[in-house]
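A closer look at the structure
Chain residues, written in single-letter form:
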Amino acid sequence: MDRLREIFTFSETFPLIFTQAAFWIFFTAAYLIFALVYRKIKLRNLYLLLISLFFYYKTSGLFVGLLIFTTISNYLLGYGIFRLTRKTSKLLLVSISVALNLFILSYFKYAYFFTDSLNQLFGTHIEVAHWLAEWGNNVWTANYFTVDKIVLPIGISFFTFQTITYCVDIYRGKLKPLNSVLDFGLFVSFFPQLVAGPIVRAGDFVPQINRPTLISIEDFNTGTFLILKGLIKKMIFADFIAMHFMDKVFDAPAMFSGFTNIMALIGYSLQIYGDFSGYTDIAIGLALLMGFRLPQNFNSPYKALNTSDFWRRWHISLSSFLKDYLYIPLGGNKKSSFGSVLISILIAVGLLVAFGDLQTGLFTLGVILVLISVALILPSVKMLFIMNINIMLTMLIGGLWHGASWKFVIWGGLNGLGILVYKYWRIISPWKKVDNRLSVLWKIVLTFSFITFTRLYFRGESMEHISAWYKQVAGNMDWENALSVLYQYRIVFIVILVGYISHWLPVRLKANIETLYGKSPLSIKILIAVMIGIICYQAHSASFQPFIYFQF
């Protein structure tokens, strides 16, 4: 009874996530009831909405109220956008929707970041006040909410983006609003992808809401295969190597040699792929078992031949969202906009103030304004500016989306530079037509090395830790003890090697493995699932290991 009580009540220490046994108990119970109601579409949708809200309550507690508020407000705004006939009125409502969603996201995710930046810029000592929690406590005359710190609701970056796509697509005439707020609530809160994606567009998911549930044998096979594959990625290729090696190094990079720091960074590229790709594999698999299809989010990203190719393969739902809802509205590669100029100034000044002072920031602002003026006067400079600025801004904002810190902006900027460098290199490259195996291998290695290097700003605990990493790599490689490091952490490095080999396997071989699983008898599938479950939980630490992308 105590165990069941833990499963059905909120626990901040043990949220309901895919790697916890409690989740699979919850899903088994939920799926058994789903099997009884799935034939009646409205009842099925209501049931899935309720268990999705319960799932979010188990994950984030009273923040489920924020999810409900976001759902109701955007449903009403979307309905209003569709009903109005005047374009200016439609534009006003869609602007309110975007502003409301971005305000909610900024309040919870960037309040400290913006306040610290302002304090550093003007030398002030402004402190963040959690007035929303204070208001909530006054309304309910009880201290339900913590007021001394703003806590980031899990999945807020994902469900706010989804509600933005709904209202914007209605405004663009690509989508008609749902007739029921309950159905819209299911789109926003569908529990497999609620807290860490993939980001689901309204145009892809909304049409599925009113369709009958059809789950073929192929869907069952693919769904269960994806779930098992996702558990291996998360619990072995991510958690195991992190707990037994990477976390120790990144927590104190100055205590380890440059060689060890580099190996930890290489391991981290596998960890973050296994963590996030594993989550989305499980999410897509769970959705298939309930008759819904979620978009592909990863396509063997470490097989990418260049940085542009990498971002077409990594976190595909975010990359496509940023392209369609940020890059193109800013002007794409055809024109710049007022938004392009404004964001450029804000980011440039912010970066310099973060690492300099007010005088430096004002001087740089003047330089930027001069450069923009020159670009507006000289056609050749203007075209060069237009073709590149929006790519860079999209990557910088994408970096900031990942974390409320300037190091994430730097990470996004490095990836933007990588895209631009490749863009111009392929024009002048004497080897652009060379397509043999050796050249493909070189391109993959070069791209992987660059992407892995940029992850230093993604994983580094602080700029001080990142600086310590550079110092160790530059002045203390300690090659004499490299073999002893490899031997000491031999199990970890074997797992890393197996992880990368499995990632780089040919597509056809991977497809054959999935087909062989699908053709196997049910008894074999159950045996495989049990074996994978035992291996994963034997390798998994008893301590709670959240998904990396929960923080975003």
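Refer to the structure presented above.
Throughout what follows, the structure given in this document is the object of discussion. Numbers given for residues are sequential positions, taken from 1 along each chain in its written order. Only residues with pLDDT of at least 70 get local features here, since the model is predicted, and only at 80 or more are side-chain atom pairs given and counted; chain-wide, interface and lining totals rely on the full set of residues. Heavy atoms throughout the structure, all of them, feed into the side-chain values; hydrogens and water do not.

Let us look at unusual backbone geometry. For His315, which is not a glycine, the phi torsion comes out positive at approximately 45°. A helix here means a DSSP run of H or I that spans at least four residues, while a strand means a run of E at least two residues long, and both kinds are numbered starting from the N terminus. As for its position among the elements, His315 is in the loop between helix H12 (307-313) and helix H13 (316-330). Here the term buried applies to any residue with accessible area under 20% of the maximum for its type, exposed to any over 50%, and partly exposed to those in between, with areas from a 1.4 Å probe on protein chains only. Since its relative accessible area comes to 0%, His315 is described here as buried. Its identity is not glycine, yet Asp478 carries a phi of approximately 55°, on the positive side. Under the relative-accessibility criterion, Asp478 is labelled partly exposed at 24%.

With that settled, the discussion passes to the pattern of salt bridges. Here, a salt bridge means any side-chain nitrogen of Lys or Arg that lies within 4 Å of a carboxyl oxygen of Asp or Glu. For the structure shown, the criterion picks out eight salt bridges. The partner of Asp324 in a salt bridge is Arg201, and the shortest N-O contact between them spans 2.7 Å. On the criterion of sequence distance, the pair formed by Asp324 in helix H13 and Arg201 in the loop between helix H8 (181-189) and helix H9 (202-209) is long-range, its members being 123 residues apart. What makes Asp324 partly exposed here is its relative accessible area of 21%. The partner of Asp239 in a salt bridge is Lys234, with the nearest N and O atoms 2.9 Å apart. On the accessibility criterion, Asp239 (2% relative accessible area) is buried. A residue is classified by how much of its surface remains accessible, and Lys234, at 0% relative accessible area, is buried.

A contiguous nonpolar patch, built from Leu43, Leu46, Leu50, Ile68, Ile72, Leu76, Val181 and Leu182 and spanning about 650 Å² of accessible area, is present on the exposed surface. For the nonpolar patch, the secondary structure elements donating two or more residues are helix H3 (41-60), helix H4 (64-83) and H8. With respect to the helices and strands, the residue Val181 is situated in helix H8. Residue classification places Val181 among the partly exposed residues on the basis of a relative accessible area of 32%. Exposure above 30% relative accessible area and no salt bridge define the residues that can form patches, which grow by joining like charges within 9 Å and nonpolar side chains of Val, Leu, Ile, Met, Phe, Trp and Tyr within 5 Å. Under the convention used here, a 1.4 Å probe and the Shrake-Rupley method define accessible areas, while residue burial counts only the protein chains that appear.

Next up on the list: the packing of aromatic side chains. Geometry of aromatic contacts follows a simple scheme: Phe, Tyr and Trp rings, the Trp one being its six-membered ring, pair when their centres are within 6.5 Å, and the pair is stacked under 30 degrees between planes, edge-to-face over 60, tilted otherwise. By the definition in use, this model includes 57 aromatic pairs. For the ring pair Tyr166 and Phe187, a centre distance of 6.3 Å and an interplane angle of 35° mean the geometry is tilted. On the criterion of sequence distance, the pair formed by Tyr166 in helix H7 (residues 156-171) and Phe187 in helix H8 is long-range, its members being 21 residues apart. Taken together, a centroid distance of 4.7 Å and an interplanar angle of 55° make the contact between Phe245 and Tyr489 tilted. Placement of Phe245 in helix H10 (residues 217-251) and of Tyr489 in the loop between helix H20 (482-488) and helix H21 (490-504) is noted, with a sequence separation of 244 residues between them. Pair check on accessibility: Phe245 and Tyr489 agree, each one buried. Working rule: Lys NZ or Arg CZ, within 6 Å of ring centre, within 35 degrees of ring normal, means a charge sits over the ring. Its end group placed over the ring of Tyr487, Arg490 keeps NZ or CZ at 4.3 Å from the ring centre.

Attention shifts here to the side chain of Asn45. With respect to the helices and strands, Asn45 occurs in helix H3. Two residues form a contact once any of their heavy atoms are found within 4.5 Å. Excluding its chain neighbours within four sequence positions, the residues that come into contact with Asn45 are Asp183, Leu186, Ile209 and Asn210.

These values are about where atoms sit, not about what they do.
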